Amino acid sequence: MNVSHIFTAVTAVLLVSGCANREGVSPSQNKSLQTVSPSTTAVSEGGGMQRSLDAWLKEEWTPMTKTVPVETKTTAPDGTVVTTTTIVEVPEPENNEPFTLQKYADKWKVYHENKAKMSEGKPKEPSHIEMMGTLPVVGK
């Protein structure tokens, strides 16, 4: 064995023995591991993706899946038909059934229908394909 193999073996042994100062101790109680990677920061701070997902669920997903647009048609005395659209909140049924993929698919459909109705008449954002097409070298 040459010197590099011995050095690698000694380093590996020191690393393993340093992280496991006691056998049978859970990682959260291991003092050596806590100095390198404390477990409290991940729970207390939360990640950017998690905060973004929580905000999207609270501000967009929940309101759009709990409301349903209802159209009401009324006929005026002169014969014209007036259509009014109101958004009605649909309460979640209180049941103890397990959440199935079909329930999720139904909520996703309602979400997209409501999102399409909300964005009607607003200018559409250009797609990435359209933006790439406008580039001088890559585009047409």
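Residues numbered from 1 in each chain as written. Predicted model: local features only at pLDDT ≥ 70, side-chain atom pairs only at ≥ 80, totals over all residues. Heavy atoms only, no water.

1. Things to note about the overall build of the protein chain
Along its length, the protein chain carries six helices and two strands. For the protein chain, the sequential pattern of α-helices and β-strands runs α-α-α-α-β-β-α-α. Buried positions account for 6% of the 140 residues belonging to the protein chain. Residue pairs at least 24 apart in sequence account for 31% of intrachain contacts in the protein chain once pairs closer than 6 positions are excluded. (Helix = DSSP H or I, 4+ residues; strand = E, 2+ residues; numbered from the N terminus. Buried < 20%, exposed > 50% of the residue type's maximum accessible area, 1.4 Å probe, protein only. Contact = heavy atoms within 4.5 Å.)

2. Points about the confidence of the model for the protein chain
Looking at the protein chain as a whole, its pLDDT mean stands at 76, while 71% of the residues score no less than 70. Within the protein chain, the element-level pLDDT minimum falls on helix α3 (residues 40-45), averaging 58, and the maximum on helix α5 (residues 101-118), averaging 87. (pLDDT = per-residue confidence, 0-100.)

3. Section: a nonpolar patch on the surface
A surface patch of nonpolar side chains, amounting to about 470 Å² of accessible area, comprises F99, L101, Y104 and W108. Here L101 lies in helix α5. Accessibility expressed as a relative area gives 69% for L101, which makes it exposed. (Patch = residues over 30% accessible without salt bridge, like charges linked within 9 Å, V, L, I, M, F, W, Y side chains within 5 Å. Areas by Shrake-Rupley, 256 points an atom, 1.4 Å probe, with all protein chains shown as cover. Salt bridge = Lys/Arg side-chain N within 4 Å of Asp/Glu carboxyl O.)

4. So, the pattern of salt bridges
What the rule picks out here adds up to two salt bridges. Of the charged contacts, one joins E60 and K115 as a salt bridge, the two residues approaching to 2.6 Å between their closest N and O atoms. Of the two residues, E60 sits in helix α4 (residues 48-65) while K115 sits in helix α5, which places them 55 residues apart along the sequence. Here K115 falls in the partly exposed class, since its relative accessible area comes to 35%.

5. Let's talk about the packing of aromatic side chains
The full count for this structure, using the stated rule, is seven aromatic pairs. Relative to W61, the ring of W56 lies with its centre 5.8 Å away and its plane at 35°, an arrangement referred to as tilted. According to the relative accessible area criterion, W56 is partly exposed, its value standing at 27%. Ring-pair connections join several aromatic residues into one group, and the members of that group are W56, W61, Y104, W108 and Y111. (Phe/Tyr/Trp six-rings, centres within 6.5 Å; stacked < 30°, edge-to-face > 60°.)

6. Overview of the packing of α4 against α5
Between α4 and α5, the shortest axis-to-axis distance is 8 Å and the interhelical angle comes to 95°. Viewed along their axes, α4 and α5 adopt a mutual orientation that is roughly perpendicular. Taking contact as the criterion, the partners of W56, E60, W61, M64 and T65 in α4 are, on α5, Y104, K107, W108, V110, Y111, N114, K115 and M118. Within the contact of α4 with α5, the residues separate by chemical class into eight nonpolar, two polar and three charged. (Axes fitted to C-alpha atoms, helices over the stretch in contact; angles between N-to-C directions. Parallel < 35°, antiparallel > 145°, perpendicular 65-115°, else oblique. Nonpolar A, V, L, I, M, F, W, Y, C, P; charged D, E, K, R; others polar.)

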